[in-house]
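# A closer look at the structure
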Amino acid sequence: TVYVTDACSVTGVGPAPTPRPSITKRPTVQPTPYCSSERDFDFAYALDGGLTLHWTLEEDRVRAALVTEGGWAAIGWGSDGLMNGAECVIGEPNQLPQKYVLRGYKREDVETVSSQTLEDASTDVEEDGTVVYAFTKLLQEPGEKAVTSPFVWAHGSGSLGYHGSRAGALELNLETCEAS
């Protein structure tokens, strides 16, 4: 068994220690790419087993969908891969996706952007319970951060709340689907 801590790696025997949440380091959940969308998009990227980002670049905007097994889902940018400071789109059950700024790590730190300029925003629940939060977002808007890598993502059950281990960050080229 290999244990990984903030300082070093240690090899030993026994149960894995409970991971400590980090509010200063980038998430370490590794995404699984497949880059071919079975939906009406050019690309798809499985961020984890419960959330996939689908997208198509259209000149000065990105048409996208967050597809999840249920609950809420978010994709963000503009914060060097950290949650704090990111601008994002969040979809919640029974609501249209909206733009937000993350000012911290608590629910009350999630601020709605005053200028809601998403186009074609929709929330659809499919027969199997899959939730699709779709939207079109300008890549650059006055007074906002450009939609560019690195990206942060998260999802959870029910309405917006703590995501636990269902979060991550990644470098993702929206033109080619290359990721790291």
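Our structure's up above, just so we're on the same page.
Computed from a prediction, not measured in an experiment: that's the story for all the values here.

A few words now on the overall build of the protein. Helix and strand counts for the protein stand at zero helices and 14 strands. Reading the protein from its N terminus to its C terminus gives the helix and strand order β-β-β-β-β-β-β-β-β-β-β-β-β-β. Considering only contacts in the protein between residues 6 or more positions apart, those separated by 24 or more positions represent 43%. For the protein, the accessible area works out to roughly 9900 Å², and carbon and sulfur atoms hold 51% of it.

For the rest of this paragraph, the subject is the environment of Ala154. Assignment of secondary structure puts Ala154 in strand S13 (residues 151–156). Ala154 sits in the buried class, given a relative accessible area of 9%. Spatially, the C-alpha atoms of Ala154 and Ser165 are 8.6 Å apart, while their sequence positions differ by eleven residues.

Moving on, we get to the sheet that holds S13. Here we have six strands laid out as an open sheet, ordered S10-S9-S8-S7-S13-S14, and antiparallel in their pairing. Both outer strands of the open sheet, strand S10 (110–112) and strand S14 (167–170), are each paired with one neighbouring strand and no more. Along the sheet, successive strands turn relative to each other by an average axial angle of 25°, direction set aside. Here strand S7 (residues 72–77) runs beside S13; their pairing, made up of six bridges, is antiparallel.

About the cut-offs
Residues numbered from 1 in each chain as written. Predicted model: local features only at pLDDT ≥ 70, side-chain atom pairs only at ≥ 80, totals over all residues. Heavy atoms only, no water. Helix = DSSP H or I, 4+ residues; strand = E, 2+ residues; numbered from the N terminus. Contact = heavy atoms within 4.5 Å. Areas by Shrake-Rupley, 256 points an atom, 1.4 Å probe, with all protein chains shown as cover. Buried < 20%, exposed > 50% of the residue type's maximum accessible area, 1.4 Å probe, protein only. Pairing = 2+ DSSP bridges. Axes fitted to C-alpha atoms, helices over the stretch in contact; angles between N-to-C directions.

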